[in-house]
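What the coordinates show
Listed here are the chains, written in short residue letters.
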There are 2 protein chains.
Amino acid sequence: MGGDNAPEMVIEGLVLALDRHPNARFLLYGDEARLKPFLDQHGRLRKVSEIRHADDIITNDAKPAQALRGGRQSSMRLAINAVKDGDAVGIISAGNTGALMAMAKFVLKALPGISRPAIATSFPTMRNKTVVLDLGANIECDADNLVQFAVMGEVFARNVLGLDQPSVGILNVGQEDLKGNSAVKVAAAILQDADLPIKFYGFVEGDDLAAGIVDVIVTDGFTGNISLKSIEGTAKMFAHYLRKSLMGSTRGKLGALIAKKALLEFKDSLDPRRYNGAMFLGLNGICVKSHGGTDGLGFSNAIHVAIELIEDGVNEGIKEDFAHVSEALQGGDAPEAEPAPDVQEKSGRAVGA
Amino acid sequence: MGGDNAPEMVIEGLVLALDRHPNARFLLYGDEARLKPFLDQHGRLRKVSEIRHADDIITNDAKPAQALRGGRQSSMRLAINAVKDGDAVGIISAGNTGALMAMAKFVLKALPGISRPAIATSFPTMRNKTVVLDLGANIECDADNLVQFAVMGEVFARNVLGLDQPSVGILNVGQEDLKGNSAVKVAAAILQDADLPIKFYGFVEGDDLAAGIVDVIVTDGFTGNISLKSIEGTAKMFAHYLRKSLMGSTRGKLGALIAKKALLEFKDSLDPRRYNGAMFLGLNGICVKSHGGTDGLGFSNAIHVAIELIEDGVNEGIKEDFAHVSEALQGGDAPEAEPAPDVQEKSGRAVGA
């Protein structure tokens, strides 16, 4: 039920996702009376989908604490419960990010060794894709949090992006050791000195995000959120000025017409819908957040992200690696990770949306 | 002597700046043997310029503390001294940013009421220009620092950009009051509640930077530096992919040829050299930092920024406004500003580079 054009946009996304993943099955949580007419238009999707009615909706202005307290019968909460109960292997939502993270943390719990799950995304750079985390789940982060993000991002880059030895950088205001706040300095020291199975590059700067200098970029949620939104805004501004320049003269218009295919290809290559789907890494269950303003194509990509995370066993990888990392950290001078909560892994069957 | 292509690039910048500001005069601090041959090639510039030999140079890898201790005979330090001594009305450097800020703070001191000077720049958005500060002088900022940045940015937008009632926003991860770290929350409360002569918009997000939602955007130096560099990197990536798409096919190349003028106009409108020149606001003297990798055109813009700051009396404006702000803050519940250091304003004559 979440997102600007839900639930229609969600159904359109499911149709596209089913083309790409013909074996997927879906549980749809929400207002049955609103969902059914859209679902009934798509015979093939209807066959692999089940609507599970929910009376309540978490609105976009609901605070995380409110959602936790009052949202027990909401579509979002019931979908998360489905992952916990093993009815679904993952949840995709285009709704309230803070509420989704709070409820997912409460219901699914963090993976062993992870004190704070993070929001991650992978996006296009001038080289390959780069994974960035955290994008806003954790406003203030200490060095341990950043080290955990590094481990999770590295596992994702290896398992999902298929990279052999992904490089990891920490976002900072300069490359020199002395630069930055104490969290990034201590985290860099841990990643440099501890005998971790991670290829640590060092500090990277804001312009290295788009340059694709490293495969994984680690940052606190405040900086990550603002940096990524700055990038999104710049892409929009760039497109705006390009259109304005081309449409401002007859020769510009003619040139654009002749180069139409190339310009469309360019537009596609940076289309934010193709990169939609932020992953909540570090949770004991797969949870993907779609941009609320996206359309069916964008939502289908968020579903694709969730299916990739499941198929590539990212959570199993994080658990395994974090066990090694904890050992390495305890062997060295670096501070110990927080004690891991005792959580049991569940394996599910369907993808809840 | 600072910057990748100094001193030639600096001389080229001075030539262009003199075209734009025929009454300007320049003091050039650096290695006379290297400066003179370049200067001698430009008769008109030579007439209004004086070389003041300096034996030492602050290198780019010098730490601020090293520069302060060991750089007393450096070109950078002598140029700053010239502003303090009233020989120059401002300094422009393409050298080491940290060393420049540290020495400028030490020699020129902060303006009354300002506890921490900030690095600011104005850059193009989808509407008008937006001023952003801090861009890296202060890695960790408290609410008072952010309020001071708001005052300084507002004065700049009014005096230099010529805006009647510039709007001010604080960069955050969301627009709601509850979002963000405590520094931004407290700063927003002060700007909202205290009876300040500032049009406070509230929180803005990363994508609002390029959208131009407000005239002044306030942030800590860590986030501001990374955000602005993210924007620079994205612009480069966008240009890279556009070129690649157009050059990848015959029709693309033909279209680009026909639309060449429009594409060049587009390129110019976002040319970073046109926005080169970061201002150190809050110092008792004008200090502008040029990008080290710029060329003569870029450096000439940094000189232009310094001359604008001087001609538009930005420092006088900041001092005046900060007196009002201090009164307003002391009248309300908001915390008092730090006691102002007792500094004397100097008025100079030439622009040191």
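Reading guide: rules and limits
- Residues numbered from 1 in each chain as written.
- Chains lettered and ligands numbered in written order.
- Predicted model: local features only at pLDDT ≥ 70, side-chain atom pairs only at ≥ 80, totals over all residues.
- Heavy atoms only, no water.
- Helix = DSSP H or I, 4+ residues; strand = E, 2+ residues; numbered from the N terminus.
- Rg over C-alpha atoms; globule rule 2.2 N^0.38 Å.
- Buried < 20%, exposed > 50% of the residue type's maximum accessible area, 1.4 Å probe, protein only.
- Contact = heavy atoms within 4.5 Å.
- Lys, Arg positive; Asp, Glu negative; His and termini not counted.
- Charge placed at Lys NZ, Arg CZ, Asp CG, Glu CD.
- Least-squares fit on C-alpha atoms with pLDDT ≥ 70 in both.
- Expected span 1.5 Å × (residues − 1).
- Phe/Tyr/Trp six-rings, centres within 6.5 Å; stacked < 30°, edge-to-face > 60°.
- Axes fitted to C-alpha atoms, helices over the stretch in contact; angles between N-to-C directions.
- Left-handed = near helix turned anticlockwise from the far one by under 90°.
- Pairing = 2+ DSSP bridges.
- Salt bridge = Lys/Arg side-chain N within 4 Å of Asp/Glu carboxyl O.
- Polar contact = N/O pair within 3.5 Å; in protein donor to acceptor, adjacent residues only side chain to side chain.
- Nonpolar A, V, L, I, M, F, W, Y, C, P; charged D, E, K, R; others polar.

1. Remarks on the overall build of chain A
Along chain A, the regular secondary structure elements total 14 helices and 11 strands. A compact globule built from 353 residues should have a C-alpha radius of gyration of about 20 Å, and chain A, at 21 Å, falls within 12% of that. Taken across its 353 residues, chain A has 58% of its residues classed as buried. When contacts within chain A are restricted to residue pairs at least 6 apart in sequence, those whose partners lie at least 24 apart make up 71%. Once the 37 positive and 45 negative side-chain charges of chain A are each reduced to a mean point, those two points are 9 Å apart.

2. Quick look at the side chain of Thr223 of chain A
With respect to the element layout, Thr223 of chain A can be found in helix 10 (residues 221-247). Owing to a relative accessible area of 1%, Thr223 of chain A belongs among the buried residues under this scheme. Once you skip the residues sitting within four places of it in the chain, Thr223 of chain A turns out to touch Leu171 of chain A together with Phe222, Thr223 and Ile226 of chain B.

3. Re the relation of the copies chain B and chain A
Aligned on chain A, chain B shows an RMSD of 0.0 Å; the corresponding rotation is 180° and the shift along the axis is 0.0 Å. What the rotation and shift describe, once combined, is the action of a two-fold rotation axis. When C-alpha distances to the rotation axis are compared across chain B, the minimum falls at Gly255 of chain B, with a value of 1.9 Å. Here 100% of the interface residues in chain B have copies in chain A that are interface residues too; the copies meet face to matching face.

4. Overview of helix 1 (residues 8-20) of chain B
The first and last C-alpha atoms of helix 1 of chain B sit 19 Å apart over 13 residues, in line with the 18 Å expected at 1.5 Å per residue. All of the buried residues in helix 1 of chain B are Met9, Val10, Ile11, Gly13, Leu14, Ala17 and Leu18 of chain B.

5. What to know about the packing of aromatic side chains
Considering all chains together, one arrives at three aromatic pairs over all chains under this definition. Pairing Phe238 of chain A with Phe238 of chain B gives two aromatic rings, centres 3.7 Å apart and planes at 40°, and the pair type is tilted. Of the two residues, Phe238 of chain A sits in helix 10 while Phe238 of chain B sits in helix 10 (residues 221-247), which places them in two different chains. Looking at Phe238 of chain A, the relative accessible area reads 5%, which means it is buried. Between Phe266 of chain A and Phe238 of chain B the ring centres are 4.8 Å apart and the planes differ by 80°, which places this aromatic pair in the edge-to-face class. Linking Phe266 of chain A in helix 12 (residues 260-269) with Phe238 of chain B in helix 10, this pair reaches from one chain into another.

6. Considerations on the packing of helix 5 (residues 75-84) of chain A against helix 6 (residues 97-108) of chain A
The angle between the axes and the distance between the axes are what describe a pair of packed helices. All names here are of chain A. Here helix 5 crosses helix 6 at 35°, and the two axes come no closer than 10 Å. By crossing handedness, the relation of helix 5 to helix 6 is classed as right-handed. Judged by residue contacts, Met76, Arg77, Ile80, Asn81, Val83 and Lys84 of helix 5 engage Ala99, Leu100, Met103, Ala104, Phe106, Val107 and Leu108 from helix 6.

7. Structural notes on the pairing of strand 4 (residues 118-124) of chain B
All names here are of chain B. Of all seven residues that make up strand 4, seven are buried, and the element is covered over most of its length. With three bridges joining them, strand 4 and strand 9 (residues 278-281) adopt antiparallel strand pairing. Residue pairing in the sheet places Ala118 in a bridge with Leu281 of strand 9. Inspection of the sheet shows strand 4 paired to strand 5 (residues 129-133) by five bridges, in the antiparallel sense.

8. Let's talk about the interface of chain B and chain A
Between chain B and chain A, the residue contacts involve 55 residues of the former and 55 residues of the latter. One can count two salt bridges joining chain B with chain A. The salt bridge partner of Lys229 of chain A is Glu205 of chain B, with a shortest N-O separation of 2.4 Å. Taken together, the links from chain B to chain A amount to 10 residue pairs in polar contact (both at pLDDT 80 or more). Mapped by element, the contributors of at least two residues to the side of chain B that touches chain A are helix 9 (206-211), helix 10, helix 11 (250-258) and helix 12 (260-269) of chain B. At 21 residues, the largest contribution of residues to the side of chain B that touches chain A is made by helix 10 of chain B. Looking at side-chain class alone, the side of chain B that touches chain A contains 27 nonpolar, 18 polar and 10 charged residues.

Everything listed here is a matter of coordinates, which is why it stays silent on function.
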